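# Per-entry structural report
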Amino acid sequence: MPVSDTAPERASEPDDDALPINELFASLQGEGKLAGVPSTFVRTSGCNLRCWYCDSYHTSWEPTGAWMAVEAIREQVASRDPDHLVLTGGEPLIHDAAVDLLDAVEMHATVETNGTRYVDADIDLASISPKLANSTPTPERAPAGDGEWADRHDERRIDHDALTRLIDDYEFQLKFVVADESPMGEIESLLADLRASTSREIRDTDVLLMPEGATRERLDETRATAARLAEEYGYRYTPRIHVDLWNDAPER
């Protein structure tokens, strides 16, 4: 069954133990504290947001893939060499069966999430990438349509309660996409709010700045700025190894 995204919140699931899978492959983790670690990636399709710079357009703006039973996914993951799983998307946590998959695999599991949904699952690293105002698909920068997603995206992109619960309950990292200095005030404000609301310490080393870009050419324009800002503000810089090595090729 092809993946659809007729509802903005989640794709319609054919049954309770399947996920819409866009890609399943082994590669290197490209971002964050575990950058460079061999991992098996399970990329779900469907997202509740529409970042204009999304580097997995085929899971959000035009979601594609096929439904796959959780047990079949688990077997595929177990058959590969890496002992790390990365569940990504799209936004994987909009799918209820994501919890079943996370609870079924017997390896370190990282979940790449925009932080708008909380789930109770066997997550070893919540890799949270809150979407800032610089992600909103305004009519001038919407990759599809005339900006009709702008208001919905802007209303949904930050959920303080979900972010706080994810930080409270899991090992975490906070990744922010930057191309210039304009998002830094919003990042600082959000971190102040989260530090006031969570019971966990958010260290500067838990905060990572990554350059905006889905191609090598775009990263060449934003990489130095992201690194400079990380140094200036005392945060960590994270590369995007998969883009540097393989550009915008699928399954990387």
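Presented here is an overview of the structure given in this document. (Residues numbered from 1 in each chain as written. Predicted model: local features only at pLDDT ≥ 70, side-chain atom pairs only at ≥ 80, totals over all residues. Heavy atoms only, no water.)

### Observations concerning the overall build of the protein
Within the protein, the secondary structure is distributed over seven helices and nine strands. Taking 252 residues into account, the globule formula puts the C-alpha radius of gyration at 18 Å, and the protein, at 17 Å, falls close to it. Burial analysis of the protein (252 residues in total) assigns 51% to the buried set. A separation threshold of at least 6 residues defines the contact pool for the protein, and within that pool the share at least 24 residues apart is 70%. Total accessible area computed for the protein in this model is approximately 10700 Å², and 45% of it derives from carbon and sulfur atoms. On the protein, the mean spot of the 24 positive side-chain charges and the mean spot of the 51 negative ones are 3 Å from each other. (Helix = DSSP H or I, 4+ residues; strand = E, 2+ residues; numbered from the N terminus. Rg over C-alpha atoms; globule rule 2.2 N^0.38 Å. Buried < 20%, exposed > 50% of the residue type's maximum accessible area, 1.4 Å probe, protein only. Contact = heavy atoms within 4.5 Å. Areas by Shrake-Rupley, 256 points an atom, 1.4 Å probe, with all protein chains shown as cover. Lys, Arg positive; Asp, Glu negative; His and termini not counted. Charge placed at Lys NZ, Arg CZ, Asp CG, Glu CD.)

### With respect to the layout of surface pockets
Looking at the largest pocket, its volume works out to about 780 Å³. Surrounding the largest pocket, 45 residues form its lining, Arg43, Asp55, Ser56, Gly89 and Arg240 being those nearest its centre. Elements with a minimum of two residues in the lining of the largest pocket: β1 (18-28), β2 (38-44), β4 (84-88), β5 (108-113), β7 (172-178) and α7 (241-246). With three residues, the single largest contributor to the lining of the largest pocket is β1. Here the residues of the lining of the largest pocket are counted per class, giving 17 nonpolar, 15 polar and 13 charged. Its boundaries defined by the atoms lining it, the second largest pocket holds a volume of some 170 Å³. Lining the second largest pocket we find Lys33, Leu34, His108, Asp124, Leu125, Glu171, Phe172, Arg200, Glu201, Arg203 and Asp206. Class assignment for the residues of the lining of the second largest pocket results in three nonpolar, one polar and seven charged. (1 Å grid on protein atoms, 1.4 Å probe; cavity = no way out; pocket = protein on both sides within 12 Å on 5 of 7 lines; lining within 4 Å. Points joined across faces, edges and corners; volume = space filled by probe spheres on them. Nonpolar A, V, L, I, M, F, W, Y, C, P; charged D, E, K, R; others polar.)

### Here's the deal with the packing of aromatic side chains
Considering all chains together, one arrives at five aromatic pairs under this definition. The interplanar angle of 15 degrees and the centroid separation of 6.5 Å between the aromatic rings of Tyr57 and Trp61 together place this pair among those described as stacked. Across the ring face of Trp149, the terminal group of Arg152 is positioned such that the distance to the ring centre comes to 3.9 Å. Geometry around Tyr118 places Arg165 over its ring, the cationic atom sitting 3.9 Å from the centre. (Phe/Tyr/Trp six-rings, centres within 6.5 Å; stacked < 30°, edge-to-face > 60°. Lys NZ or Arg CZ within 6 Å of the ring centre and 35° of its normal.)

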